[in-house]
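Residue strings, one per chain:
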Amino acid sequence: MSSSVDEVVDLCRDLLRIDTTNTGDNATSAGERAAAEYVAEKLAEVGVSSEIHESAPGRASLVARIPGTDPGRGALLVHGHLDVVPAEAAEWSVPPFAGEIKDGFLWGRGAIDMKDFDAMVLAVVREWQRTGVRPPRDIVLAFTADEEAGGDFGAHFLVDKHRHLLDGCTEGIGEVGGFSYTVSKDLRLYLIETAEKGINWLRLHARGRPGHGSMVHDDNAVTALAEAVARVGRHRFPVVVTPTVRAFLEEVSEALGIELDPDDPEAAIGKLGTIANIIGATVRNTANPTRLDAGYKDNVIPSRASATIDCRTLPGQADLFLEQLREVIGPDVEIEHVQRQPALETTFDGALVDAMAAALRAEDPAARPVPYMLSGGTDAKAFNRLGIRCFGFAPLQLPPDLNFSALFHGIDERVPVEGLQFGVRVLDRFLRNS
Ligand SMILES: [Zn+2]
């Protein structure tokens, strides 16, 4: 067994033990600096120098470059975030920051999102440095802060303030792709992310006449806001099948022997078991109310009320979506844009995709790579601003019965040890041939 396969579990375990909880508040996001320093040390041990940059005290991201044999080729960006979402220890069956190994899994917040991949990247690079392997083209490593709160203090900061570190990067790989979905012992789909939905966080503001809560009152901001929020929350936006989702559904329908009705893709998605959650949100724009804010006293009608709506838009749909949303909300409620990042979509073809497929098949003869769209957003949104063509490819083989999507930000997040080791082997092959 190669030493990268030996080492990946220890590296991941060390990273899990550094609590990098991202609360969305700089004052309480503490561990990213320690994690970046850990990564720097593991790279320095094998002769790779790196730079750590802070966007705010403690909000540290690290970049390093591994020179390739052909400097004429565009560089490949390999990125992983170091932060994690909070974990409520009382809800877990193991302490979330202890890095325990049991039942064939390594447990902890960040085990699949995404310290697993961070550890794989470190393991491969360390092995290469020890044995003198050089990749065909430059590889730029980016370990980022703040992905879980939108990346303003991590990937977007790097792109805005230190973009020279990413010079020459033409393509990139990062999280939420490359994981397996077992159809049968002879067929495992590996979902490779080629698209992700756009983010549009909106705040709705309703205004009315302030007054006493005991009076007759026909212009109440809380009532107006509540009506608009309820309409949005219940609304289903129309089905739109983008090229990525169409390709996914065609591949998967064929693989599973499911009848696919192009006019009713949700019928096919309903038969996908644990990945239905991931795919279901990618056939339409969505708008979910997430916060409400109004009033300051029980018997006072306030003059204003506001709500936050988490909207996710399909590629090419952002403007049309806003028109549709305006119709649902009505003319009297104001819409404020809080956070807006575009959707991404690239094609499932080319030498890089071929290298992913070849690496998967070499390690798993039952592998069948398929493109898919992520309903969430990743650091790829920041890196895409530089024109980098981004994929979600953090290879991982999963046991057939594991509900992978439920583990993201979930209780008892854990990664299968064998799956992690499989991932290292695939990543090593892929990076050697990319
Ligand atoms: Zn993540």
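1. Points about the pattern of salt bridges
- Across all of its chains, the model carries 28 salt bridges by this definition.
- Ionic pairing is found between Asp428 and Arg432, a salt bridge with its closest N-O pair at 2.4 Å. Remark: Arg432 and Asp428 occur in helix H13 (residues 417–432); sequence separation between them is four residues, near one turn of the helix.
- Exposure remark for Asp428: the relative accessible area of 10% places this residue in the buried category.
- For Arg432, a relative accessible area of 38% corresponds to the partly exposed category.
- Overlapping salt bridges, with partners in common, bring together Glu7, Lys42, Glu45, Arg126, Glu127 and Arg130 in one network.

2. Examining the side chain of Thr21
- Tracing the backbone through its elements, the reader meets Thr21 in the loop between helix H1 (3–16) and helix H2 (32–44).
- Side-chain polar atoms of Thr21 contact the side chain of Asp19, separated by 2.5 Å.
- Apart from the residues within four sequence positions on either side, Thr21 is in contact with Thr28, Ser29, Ala30, Val84, Val85, Pro86 and Phe97.

3. Some thoughts on the coordination of the zinc ion
- Listed as protein donors to the zinc ion are His81 (NE2), Asp113 (OD) and Glu175 (OE); their distances from the metal cover 1.8 to 2.1 Å.
- In the primary sequence, the donor residues of the zinc ion line up as H-x31-D-x61-E. Placement of His81 in strand E3 (residues 75–81) and of Glu175 in the loop between strand E7 (169–174) and strand E8 (179–184) is noted, with a sequence separation of 94 residues between them.

4. Some words on the packing of helix H3 (residues 115–131) against H13
- Following both chains from N to C, one finds H3 and H13 inclined at 55°, their axes separated by 9 Å at the closest point. Regarding the angle of H3 to H13, the classification is oblique. Both H3 and H13 take part in a crossing whose hand is right-handed. Packed against H3, whose contacting residues are Asp116, Phe117, Met120, Val121, Ala123, Val124 and Trp128, the element H13 presents Leu420, Gly423, Val424, Leu427, Asp428, Leu431 and Arg432 at the interface.
- Of the residues in the contact of H3 with H13, the class split is 10 nonpolar, one polar and three charged.

5. Observations concerning the layout of surface pockets
- Here the largest pocket defines a volume of roughly 1000 Å³.
- Along the wall of the largest pocket there are 36 residues; nearest its centre are Glu148, Arg312, Gly376, Gly377 and His409.
- Residue assignment for the lining of the largest pocket shows that the elements contributing at least two residues are strand E10 (198–207), helix H8 (276–280), strand E12 (286–294), strand E14 (304–313), strand E17 (367–374) and helix H12 (404–407).
- The greatest single-element share of the lining of the largest pocket, amounting to three residues, is contributed by E12.
- Across the lining of the largest pocket, the residue classes break down as 10 nonpolar, 17 polar and nine charged.
- For the second largest pocket, the lining is made up of 14 residues, of which His235, Arg236, Arg284, Asn285 and Thr286 are closest to its centre.

6. Quick word on the nonpolar core
- Leu141, Leu191, Phe248 and Phe430 are the most contacted members of the largest nonpolar core, which totals 98 residues.
- If one sorts the elements of this core by residue count, H3 sits on top with nine residues.
- Leave out the neighbours within four places in its chain, and Phe248 touches Leu191, Leu272, Ile275, Ile279, Val370, Pro371 and Tyr372.
- Judged by nonpolar contacts, the second largest core, of 21 residues, contains Leu225, Val229, Ala305 and Ala307.

7. Concerning empty space enclosed by the protein
- Under the defined criterion, the tally for this structure stands at two cavities of 30 Å³ or more.
- Considering only enclosed or pocket space, the largest cavity measures out at about 90 Å³ in volume.
- Residue lining of the largest cavity: 14 residues in total, with Ser180, Tyr181, Thr274, Leu402 and Phe404 positioned closest to the centre.
- For the lining of the largest cavity, the secondary structure elements donating two or more residues are E8 and H12.
- Per element, the largest residue contribution to the lining of the largest cavity is four residues, and it comes from E8.
- Tallied by class, residues from the lining of the largest cavity come to nine nonpolar, five polar and no charged.
- When its volume is computed, the second largest cavity comes out at roughly 70 Å³.
- Lining the second largest cavity are Ile112, Met114, Asp116, Glu175, Val176, Gly177, Phe179, Ala394, Leu396, Phe404 and Phe408.
- Of the residues contributing to the lining of the second largest cavity, the split by class is eight nonpolar, one polar and two charged.

8. Let's talk about the sheet that holds E12
- Spatially, four strands are ordered E12-E14-E10-E15 in an open sheet, and the strand pairing comes out antiparallel. Every interior strand has two partners, whereas the edge strands, E12 and strand E15 (334–341), have only one. When strand polarity is set aside, the average angle formed by the axes of neighbouring strands in this sheet is 20°.
- Note: E12 against E14, eight bridges, orientation antiparallel. The partner of Leu292 across the bridge, within E14, is Ala307.
- Packing of helix H5 (residues 221–234) onto the sheet brings it into contact with E10, E12 and E14, and relative to E14 it is tilted by some 15°.
- On top of the sheet, helix H9 (residues 318–329) reaches E10, E12, E14 and E15; it is set at about 150° to E15, its chief contact.

9. Notes on a negative patch on the surface
- Together, Glu259, Asp261, Asp263 and Asp264 give the surface a local cluster of negative charge.
- Here Asp261 is to be found in the loop between helix H6 (243–256) and helix H7 (265–269).

Here is what the cut-offs are and how they apply
Every chain begins its residue count from 1, and numbering advances along the sequence as written. Confidence filtering applies because this is a predicted model: local features only for residues at pLDDT of at least 70, side-chain atom pairs given and counted only at 80 or more, and all residues used for totals across whole chains, interfaces and linings. Side-chain metrics in this entry use all non-hydrogen atoms of the structure; hydrogen atoms and water are not considered. Within this document, salt bridges are pairs made up of a side-chain nitrogen of Lys or Arg and a carboxyl oxygen of Asp or Glu, the two lying within 4 Å of each other. Secondary structure elements are taken from DSSP: a helix is a run of H or I of four residues or more, a strand is a run of E of two residues or more, and numbering for both begins at the N terminus. In this scheme, a residue with accessible area under 20% of its type's maximum is buried, one over 50% is exposed, and one in between is partly exposed, where area comes from a 1.4 Å probe on protein chains only. Two N or O atoms form a polar contact when they lie within 3.5 Å of each other; inside protein one atom must be a possible hydrogen donor and the other a possible acceptor, and for residues adjacent in sequence the pair counts only when both atoms belong to side chains. We call two residues contacting when some pair of their heavy atoms lies within 4.5 Å. Only nitrogen, oxygen and sulfur atoms qualify as donors, provided they sit within 2.8 Å of the metal or within 3.2 Å for Na, K and Ca; with water excluded from the atoms, sites may seem incomplete. Each axis is a line fitted through C-alpha atoms, taken for helices only over the stretch in contact, and angles between the N-to-C directions span 0 to 180 degrees. An angle counts as roughly parallel when it lies under 35 degrees, as roughly antiparallel when it exceeds 145, as roughly perpendicular when it falls between 65 and 115, and as oblique in every other case. Left-handed is the label given to a crossing in which the near helix is rotated counterclockwise from the far helix by less than a right angle, and right-handed is the label when the rotation is clockwise. Residue polarity is assigned by list, with Asp, Glu, Lys and Arg as charged and Ala, Val, Leu, Ile, Met, Phe, Trp, Tyr, Cys and Pro as nonpolar; anything else, Gly included, falls into the polar class. Method remark: on a 1 Å grid restricted to protein atoms, a set of points is classed as a cavity if a 1.4 Å probe fits but cannot get out and as a pocket if it is open with protein on both sides within 12 Å along at least five of seven lines; lining residues have an atom within 4 Å of a point. Grid points are joined across faces, edges and corners, and a volume is the space filled by probe spheres set on the points. Buried residues of nine kinds, namely Ala, Val, Leu, Ile, Met, Phe, Trp, Tyr and Cys, make up a nonpolar core once their side-chain atoms join them within 4.5 Å. DSSP bridges decide pairing: two strands pair if at least two such bridges lie between them. Patch criteria: residues need more than 30% relative accessible area and no salt bridge. Like-charged residues are merged within 9 Å; nonpolar side chains of Val, Leu, Ile, Met, Phe, Trp and Tyr are merged within 5 Å. In this description, accessible areas are obtained by the Shrake-Rupley approach with a 1.4 Å probe, and a residue is regarded as covered only by the protein chains that are shown. Charge counting follows a simple rule: Lys and Arg are positive, Asp and Glu are negative, and His as well as the terminal groups are ignored. Lysine's charge is taken at NZ, arginine's at CZ, aspartate's at CG and glutamate's at CD.

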